[in-house]
Amino acid sequence: MSSNPVRSLAAQSRQHLLYLAIAIFIGQIALVTIFSFYQVGQAAKYYMHLDAIKLQQAANNNPDYVLPQRGDVSAYREWDDIPLEIRQLFSSSQIQPLEPLEIERVNEQGIREYGYLLYSQVQSQERSQEQQTSGLYLLEFEEADKIDALAEAIFKQALIEASLVLFLVISWLFKSAVKPLSLLVEWSSRVKQHPGSEIDVQFSISELNQIANQLLSTLQQVREYNEREQQFLRHASHELRTPLAIIQASLDTLGVRTAPEDPNFPSLLRASRACANMILLSEALLWLARPSSRPIGKSIVWPGALCSELLVDMQYLVENKNIQVSLNDQASSINIEHDLFRIVLANLIRNAFQYTSSGTITLVITDNSLVISNPVDAAGKSETVSFGLGLQLVERIANRLDWQFELVLDYPRACVTLRW
């Protein structure tokens, strides 16, 4: 079995989209970096090209025009006119028209700077209508820190804009990925709130329609099973009422005709008590099978006195066992559903008596709770996990009446808690 934590499909989709976003973001940084340097290079090439065109036009219009010879910008008509120390920085074999060459150097002042060399050819139209071609070498030097700062500014701006676009795209992907699941959850909530209503399945995603149809089919099967179970319980309870009434009447008649000193009298009493419990049990099953939500009538009950009475009635279950019973009665009178409360207490006490071989059974009862703790034989774990029909009946009655029922198996003891 896998030890991976269980997560929702929406959480897994978000995680996968997050990984995708991280991968896209890394690729975006690489692209933005390349784009920034490319943009800086293109900008330098564009501005040098404009400067070269302006200088060429000025030189063509005025033969006596003196080309600039400043430290940051210099222009020369011939390659040999360029100072030797500058020519040594560039390779003449790599010079291509309108394609600037870039170098990095440290000038005489110790400042790191970038140098650019652009060779421009401009065709001029003379009065003789003949086209003449002349060349121009343009040199520009810029401080490296300024160029780096410009590249960094362009990089940051491009990164911010790209990140904003990426955020919007990922947000849309998150929303689009989770929306179908949200629609399915909303639809299932409507089905839960109105289990008997026909709710159409009209999703735009075929897989969701398949899941919804499967859920509806499963719910229909569960509903039919519950209806069959309730119908069986109703029929069984009705069928049991008549024979149980006859048995009870016969036992009452035998009880009247049998003297208390008769050896069969204790057995007769046990049979009468068992029959009375069966009648209450059939009534409880019939009530559980009835879908009506009509409240059950309540009456005043003394829980401690009721427990003491039930302990006496069921004493025959522990006659041949080494069992002691400790009852801690801290309760006063309460207003509660008497018959169902008696059935629940009887089942809890009978369960403790039946599944205890020896030791002390402790009962602590208050105005709103009952706690029963009894020893459990560790060798009989497989037989005592569910404790049979008794606790199942208690659990269903508690759920129906909004009581809290809890069973804790902490070998060698079992503890049952009922709160009302």
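Right, let's walk through the structure included here.

Criteria and thresholds
Every chain is numbered on its own, with residues counted from 1 as its sequence reads. The predicted origin of the model limits local features to residues at a pLDDT of at least 70 and limits the giving and counting of side-chain atom pairs to 80 or more, whereas totals for whole chains, interfaces and linings rest on all residues. Calculated side-chain values reflect all of the structure's heavy atoms, with hydrogen atoms and water omitted. Counting from the N terminus, the helices are DSSP H or I runs at least four residues long and the strands are E runs at least two residues long. The buried label goes to any residue with under 20% of its type's maximum accessible area, the exposed label to any with over 50%, and the partly exposed label to all in between, with areas taken from a 1.4 Å probe on protein chains only. We call two residues in contact whenever any of their non-hydrogen atoms come within 4.5 Å of each other. In this description, accessible areas are obtained by the Shrake-Rupley approach with a 1.4 Å probe, and a residue is regarded as covered only by the protein chains that are shown. Note on definitions: salt bridges are taken to be side-chain nitrogens of Lys or Arg within 4 Å of carboxyl oxygens of Asp or Glu. When DSSP locates at least two bridges between a pair of strands, those strands are taken to pair. Angles run from 0 to 180 degrees between N-to-C directions of axes, and those axes are lines fitted to C-alpha atoms, restricted for helices to the stretch in contact. Nonpolar cores were defined as sets of buried Ala, Val, Leu, Ile, Met, Phe, Trp, Tyr and Cys residues, with membership established by side-chain atoms within 4.5 Å. Polar contact is the term for a pair of N or O atoms within 3.5 Å; when the atoms are in protein, one must be able to donate a hydrogen and the other to accept it, and sequence-neighboring residues count only if both atoms are side-chain atoms. Within 6.5 Å between ring centres, the rings of Phe, Tyr and Trp (the latter by its six-membered ring) count as paired, and their orientation is classed by plane angle as stacked under 30 degrees, edge-to-face over 60, tilted in between. Counting as a charge over the ring demands two things of the Lys NZ or Arg CZ atom: a distance within 6 Å of the ring centre and an angle within 35 degrees of the ring normal. The definitions used throughout rest on a 1 Å grid laid over the protein atoms alone, on which a cavity is an enclosed set of points accommodating a 1.4 Å probe that cannot get out and a pocket is an open set flanked by protein within 12 Å on both sides along at least five of seven lines; lining residues are those having an atom within 4 Å of a point. Grid points are joined across faces, edges and corners, and a volume is the space filled by probe spheres set on the points. Three classes are used, and their members are as follows: Ala, Val, Leu, Ile, Met, Phe, Trp, Tyr, Cys and Pro are nonpolar, Asp, Glu, Lys and Arg are charged, and the others, Gly among them, are polar. Patches draw on residues past 30% relative accessible area with no salt bridge. Two like charges within 9 Å are joined, as are two nonpolar side chains (Val, Leu, Ile, Met, Phe, Trp, Tyr) within 5 Å. Here a crossing is taken to be left-handed if its near helix is turned anticlockwise relative to the far helix by less than a right angle, and right-handed if that turn runs clockwise. Helix span is expected to be 1.5 Å times the residue number reduced by one. When describing relative orientation, an angle under 35 degrees is termed roughly parallel and one over 145 degrees roughly antiparallel, while 65 to 115 degrees is termed roughly perpendicular and anything else oblique.

Here the focus is the overall build of the protein. Scanning the protein from terminus to terminus reveals nine helices and eleven strands. A burial count over the protein gives 32% of its 420 residues as buried. The contacts in the protein between residues at least 6 apart in sequence include a share of 66% that link residues at least 24 apart. Accessible surface, the protein: about 26500 Å² in total, of which carbon and sulfur atoms supply 54%.

Inspection of the entire model under this criterion finds eight salt bridges. In this structure, Glu 104 and Arg 112 form a salt bridge, with 2.8 Å as the shortest nitrogen-oxygen distance. One network of salt bridges, with partners in common, ties together Glu 104, Arg 112, Asp 145 and Asp 148.

Overall, mixed pairing links the five strands, which are arranged E6-E8-E9-E11-E10 in an open sheet. Looking along the sheet, the strands with just one partner apiece sit at the ends: strand E6 (322-329) and strand E10 (404-410). On average, each strand axis in the sheet is inclined to that of its neighbour by 10°, with strand direction left out of account. Packing against the sheet, helix H6 (residues 303-313) makes contact with E6, strand E8 (358-365) and strand E9 (369-375), and its axis sits at approximately 165° to E6.

With that settled, consider the nonpolar core. Counting residues in each nonpolar core, the largest one holds 41 residues, and the members touching the most others are Phe 341, Leu 348, Ile 349, Ile 372, Ile 397 and Trp 403. Taken together, the elements giving at least two residues each to this core come down to helix H5 (265-289), H6, strand E7 (334-336), helix H7 (338-354), E8, E9, helix H9 (388-400) and strand E11 (413-419). Not counting the four nearest positions on each side in its chain, Phe 341 is found in contact with Val 301, Pro 303, Leu 306, Ile 334, Ile 336, Trp 403 and Trp 420.

Here Asn 107 shows up in the loop between strand E2 (101-106) and strand E3 (112-125). What makes Asn 107 buried here is its relative accessible area of 14%. Reaching out from Asn 107, the side chain makes a polar contact with the backbone nitrogen of Ile 111 at a distance of 2.8 Å.

Moving on, we come to the environment of Ser 357. Following the sequence through the fold, Ser 357 ends up in the loop between H7 and E8. Taking the C-alpha atoms as reference, Ser 357 lies 7.8 Å from Pro 375; in sequence the two are 18 residues apart.

Take the packing of aromatic side chains next. The geometry of two aromatic rings is summed up by the distance between their centres and the angle between their planes. This structure, assessed with the given rule, holds four aromatic pairs. Counting every residue linked through ring pairs, the aromatic cluster contains Trp 79, Tyr 119 and Tyr 137. A cation sits over an aromatic face here: Arg 105 above Phe 141, 3.9 Å from the ring centre.

The next thing to look at is the layout of surface pockets. Its volume calculated, the largest pocket comes out at about 270 Å³. In terms of lining, the largest pocket is formed by 13 residues, of which the most central are Ala 44, Tyr 47, Glu 140, Glu 142 and Ile 147. Of all the secondary-structure elements, those providing two or more residues to the lining of the largest pocket are helix H1 (9-61), strand E4 (131-143) and helix H3 (144-193). Per element, the largest residue contribution to the lining of the largest pocket is six residues, and it comes from H1. Counted by class, the lining of the largest pocket contains nine nonpolar, no polar and four charged residues.

On the surface, a cluster of nonpolar side chains totalling about 410 Å² of accessible area is made up of Leu 18, Tyr 19, Ile 22 and Ile 26. Mapped onto the elements of the fold, Tyr 19 is located in helix H1.

Looking now at the packing of H5 against H7. It is the contact of H5 with H7, at a shortest axis distance of 10 Å, that shows an interaxial angle of 120°. Helix-helix and strand crossings are classified by hand; for H5 and H7 the assignment is left-handed. In this structure, H5 uses Asn 277, Leu 280, Leu 281, Ala 284 and Trp 287 to contact H7, whose residues at the interface are Leu 340, Arg 342, Ile 343 and Arg 350. Looking at the contact of H5 with H7 residue by residue, the classes come out as six nonpolar, one polar and two charged.

Between its first and last C-alpha, H5 extends 36 Å over 25 residues, near the 36 Å set by a 1.5 Å rise per residue. By the burial criterion, the buried members of H5 are Phe 265, Leu 268, Ser 272, Cys 275, Ser 282, Ala 284, Leu 285, Leu 286, Trp 287, Leu 288 and Ala 289.

Take Ser 272: it is sitting in helix H5. Within the structure, Ser 272 has its side chain in polar contact with the side chain of Gln 248 (distance 3.3 Å). If near-sequence neighbours (up to four positions away) are discounted, Ser 272 is found in contact with Gln 248, Leu 251 and Asp 252.

Orientation of helix H4 (residues 206-257) relative to H5, taken along the N-to-C sense of each, is 155°, at an axis distance of 8 Å. What the angle tells us is that H4 and H5 run roughly antiparallel. In the packing of H4 onto H5, the handedness of the crossing is left-handed. Each residue belonging to the contact of H4 with H5 can be placed in one class, and the counts come to 15 nonpolar, seven polar and four charged.

Phi is positive for Leu 98, which is not a glycine, with a value near 65°. In this structure, Leu 98 sits in the loop between helix H2 (84-87) and E2. The backbone phi angle of Asp 402 is positive, close to 65°, even though this residue is not glycine. On the secondary structure map, Asp 402 appears in the loop between H9 and E10.

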